[in-house]
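Residue-level structure breakdown
Residue-level listing of the chains:
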Amino acid sequence: MKILVCISNVPDTTTKVKFKEDNTLLDDSGIQWIINPWDELALTRALELKEDAGNSVNEVCVINVGGSLTEATLRKALAIGADKAIRIDACPSDAYHVAGQIAEYLKENVYDLIFSGIESSDYNGSSVGAMLAEFMNYSGISSVTNVNLDDDIVVSRAIPGGKQMIKTETPFVAIVQKGIAKEPRIPSMRGIMMARKKPLEVIPAAELPVLTQTVKFELPQAKGTCKMIDPEHVEQLVELLKNEAKVL
Amino acid sequence: MNFEFTEEHLMIRDAARDFAQRELLPGVIERDDKAIYPTEQVKKLAELGFLGMLVGSKYDGGGMDTISYVLAMEEISKVDSSVAVIMSVNNSLVCWGVEKYGTEEQKEKYLKPMARGEKIGAFLLSEPEAGSDATSQRTTAIDMGDHYLVNGTKNWITNGKSASTYIVFAQTHKELKHRGINALIVEADTEGISVGPHENKMGMRASDTHSVMFNNVKVPKENRLGEEGFGFKLAMKSLEGGRIGIASQALGIASGAYELALKYAQERKAFGKEIINHQVIAFKLADMAVEIEAARYFCLKAAWLKDQGKPYGHASAMAKLYAAETAMKVTTEAVQIHGGYGYVKEYHVERLMREAKLTQIYEGTSEIQKIVISRGLMD
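The rules behind these values
- Residues numbered from 1 in each chain as written.
- Chains lettered and ligands numbered in written order.
- Predicted model: local features only at pLDDT ≥ 70, side-chain atom pairs only at ≥ 80, totals over all residues.
- Heavy atoms only, no water.
- Contact = heavy atoms within 4.5 Å.
- Buried area = accessible area lost by both parts, 1.4 Å probe.
- Salt bridge = Lys/Arg side-chain N within 4 Å of Asp/Glu carboxyl O.
- Polar contact = N/O pair within 3.5 Å; in protein donor to acceptor, adjacent residues only side chain to side chain.
- Helix = DSSP H or I, 4+ residues; strand = E, 2+ residues; numbered from the N terminus.
- Nonpolar A, V, L, I, M, F, W, Y, C, P; charged D, E, K, R; others polar.
- Pairing = 2+ DSSP bridges.
- Axes fitted to C-alpha atoms, helices over the stretch in contact; angles between N-to-C directions.
- Buried < 20%, exposed > 50% of the residue type's maximum accessible area, 1.4 Å probe, protein only.
- Arc of directions from axis to C-beta.
- UniProt positions renumbered as here; feature names shortened; annotations may be inferred.
- Domains from an automatic or database assignment.

What about the interface of chain B and chain A?
Counting from both sides, the interface comprises 23 residues of chain B and, opposite them, 16 residues of chain A. For the chain B and chain A pair, buried surface summed over both sides reaches about 1700 Å², with 59% attributable to carbon and sulfur atoms. Residues Arg-22 of chain B and Glu-183 of chain A are paired through a salt bridge, measuring 3.8 Å at the closest nitrogen-oxygen approach. Applying the counting criterion to the chain B and chain A interface returns five residue pairs in polar contact (both at pLDDT 80 or more). Looking at the side of chain B that touches chain A, the element that brings in the most residues is helix H1 (residues 7-24) of chain B, giving 12 residues. Residues belonging to the side of chain B that touches chain A are distributed by class as follows: eight nonpolar, five polar and 10 charged.

Considering the pairing of strand E9 (residues 139-148) of chain A
All names here are of chain A. In this structure, E9 lies alongside strand E12 (residues 172-176), joined through four bridges in parallel fashion. The partner of Val-144 across the bridge, within E12, is Val-176. Summarising the sheet, E9 and strand E10 (residues 153-159) pair through four bridges and their orientation is antiparallel. Each bridged residue has a counterpart across the sheet, and for Val-144 the counterpart in E10 is Arg-157. Here E9 folds back onto E10, and the loop between the two strands holds four residues.

Quick word on the sheet that holds strand E11 (residues 162-168) of chain A
Residue and element names in this part refer to chain A. Spatial ordering of the open sheet is given by E11-E10-E9-E12-E8-E1-E6-E7-E13, a layout of nine strands whose pairing is mixed. Two strands close off the open sheet at either side, each with one partner strand: E11 and strand E13 (200-204). In this sheet, neighbouring strand axes are inclined to one another by 35° on average, regardless of whether the strands run parallel or antiparallel. Pairing of strand E6 (residues 59-66) with strand E7 (residues 84-89) involves six bridges; the strand directions are parallel. Bridge pairing links Val-62 to Ala-85 in E7. Contacts from helix H4 (residues 128-136) reach strand E1 (2-6), strand E8 (113-117), E9 and E12 within the one sheet, and its direction differs from that of E12 by about 175°.

Things to note about the pattern of salt bridges
Residue and element names in this part refer to chain B. Applying the stated criterion across every chain, the model contains 39 salt bridges over all chains. With its nearest N and O atoms 2.9 Å apart, the salt bridge here joins Glu-350 to Arg-354. Here Arg-354 and Glu-350 lie together in helix H10 (residues 349-359), a separation of four residues that amounts to about one turn. A residue is classified by how much of its surface remains accessible, and Glu-350, at 14% relative accessible area, is buried. The exposure class assigned to Arg-354 is buried, which follows from its relative accessible area of 14%.

A look at H4 of chain A
All names here are of chain A. Looking only at H4, the buried set comprises Val-128, Gly-129, Leu-132, Ala-133 and Met-136. Around the axis of H4, the buried residues are gathered within 135° of arc, so they sit on the same side. On the buried face of H4, the contacting elements are E1, helix H3 (95-108), E8, E9 and E12. Just past H4, the residue Asn-137 takes up positive phi, approximately 60°.

Quick notes on the UniProt feature "domain: Acyl-CoA dehydrogenase/oxidase C-terminal" (unreviewed entry) in chain B
What UniProt calls "domain: Acyl-CoA dehydrogenase/oxidase C-terminal" (unreviewed entry) maps, in this numbering, to residues 231-377 of chain B. Taken end to end, residues 231-377 of chain B is 78% helix and 3% strand, and its first and last C-alpha atoms sit 26 Å apart.

Focus on the domain arrangement of chain B
All names here are of chain B. Split by domain assignment, chain B resolves into domain 1 (7-115), domain 2 (121-232) and domain 3 (233-377). Between domain 1 and domain 3, the C-alpha centre-to-centre distance is 20 Å. In this assembly, 26 residues from domain 1 lie in contact with 34 residues from domain 3. Contact between domain 1 and domain 3 buries roughly 2400 Å² in total, counting both sides, with carbon and sulfur atoms accounting for 61%. Linking domain 1 with domain 3 are three salt bridges, by the criterion used here. Residue Lys-78 pairs with Glu-259 through a salt bridge whose shortest N-O separation is 2.8 Å. On the surface where domain 1 and domain 3 come into contact, there are eight residue pairs in polar contact (both at pLDDT 80 or more). Put simply, the parts of the chain that give the side of domain 1 that touches domain 3 at least two residues each are helix H2 (28-33), helix H4 (66-79) and helix H5 (81-101). Counting residues per element, the side of domain 1 that touches domain 3 draws most heavily on H5, which supplies 10 residues. Split by residue class, the side of domain 1 that touches domain 3 holds 14 nonpolar, six polar and six charged.

Put into structure tokens, the structure is as follows:
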């Protein structure tokens, strides 16, 4: 069984976001790039499945749609334990474009299970996994918190107030939520060394239309200063909530 | 000249940073306070390969360069220097000597388990009356034909209790002075070895520092490292590399304290504005940043020389001196910036200040570094 993990290359979560070119483009100077946290958990679970001798997973491959900048992120995925990495050489314009590119790759290369993080921590589109399932006519299961490949393939998903277990067949797309793995793995020295020898294949992008265009980004307004009210003057708090914040 | 790190360097730095934040930060104050040895943390450090990162892959190590080691040591020392010193001693004082001068049998038997982190090593040079003056070894290793008979006491031994493998320096031919010193690989559970109580230290309290006593300890002849009388030279050569580790530790202590002080100065308000907007605090932080950056260059330069196979003893002494002095200055200022909060344990900087003090003392005091540096000027 082969697993493909979709990897999004995103700015570190502590990045101070700035834009350029009339606020139409992210200013990526000085940004430290990381594996999208949901994708990193998906990769961790994929590796756990491979390491579990009780099932037949024999390959974990990571794939990303992006420029050469993303190769450091892919190499980290290899250092963590992925067997090989694919970079589709294209600027990831939007979710439709990314899903379309991965689908083109999947049409030529068969994988049994595809992991996609439920969203990426940069643009938070939450769409690639579902679109990919649709393009491929695979079942797509969202909010997945566990994948079990024992005798039957059983996928758990988080639902309000509990969880739902779904039996499914391969191939399918698991759109994973936090909980799919306990915590992401830290690459070991041996893993970092072995990553040098693992394949990182760059393939040309397919000719696909880009359907959307960013007109403008806006940053949220800076937070106002916090006012501290003495607990003995509750009336002052009510007054401020009523007349200044106008929420009462 | 190239100031760029490789992708691999950055990956190692990030791995060390993630490990420090995730595994070392929780509980670091309690481990220090109660002098609890970081057993679980060291086990995880071994699993990730940090304990043998400098050892070649042929002997089960990480096969990383010294630049990577500096980066990893800095990140780990930002959070927990007790763990960093365990890593430093194992890598640069113990594994290095066995890899460089050991026989294939010694490497197979002793180096591989230490490189995998399954066993920990210790470097037994200091004695009650032989600290800076390491030539005056009182511990003896009498040549008994097929073995050495070792007697004496070693002091201030990092990993003294947790180590399974000791490198012991002892005098075999007193008349030859330091040229009569041998370095022996000794298994810690050999009959006649006893370990003294845990030293109640000012800082790095979680690392296990002990005296180790030898009473008629038989050490097989094949456990000698290098030629007869090579011990002192081995000790000095090991310390040249060890100093890069301790300099990087001092760098990490300084940069850890600086990062905490910078964050605090941006949050804490006094006289109506964040204290970083008071010039007196801003200038302190500027001075700290400059000295840390300089210390970092010293460490990386020494590491680069070592990786290039060039002489690095002079550079590593400069790095150790400058980084240790910087750590002391920067941590003291970090406590000052924190005010009263800096004096209590929850804010970490007082611990970093206590840790900084040791970097001026061990693996060659600042004064000894000046001797090494000044002698180098005359070469």
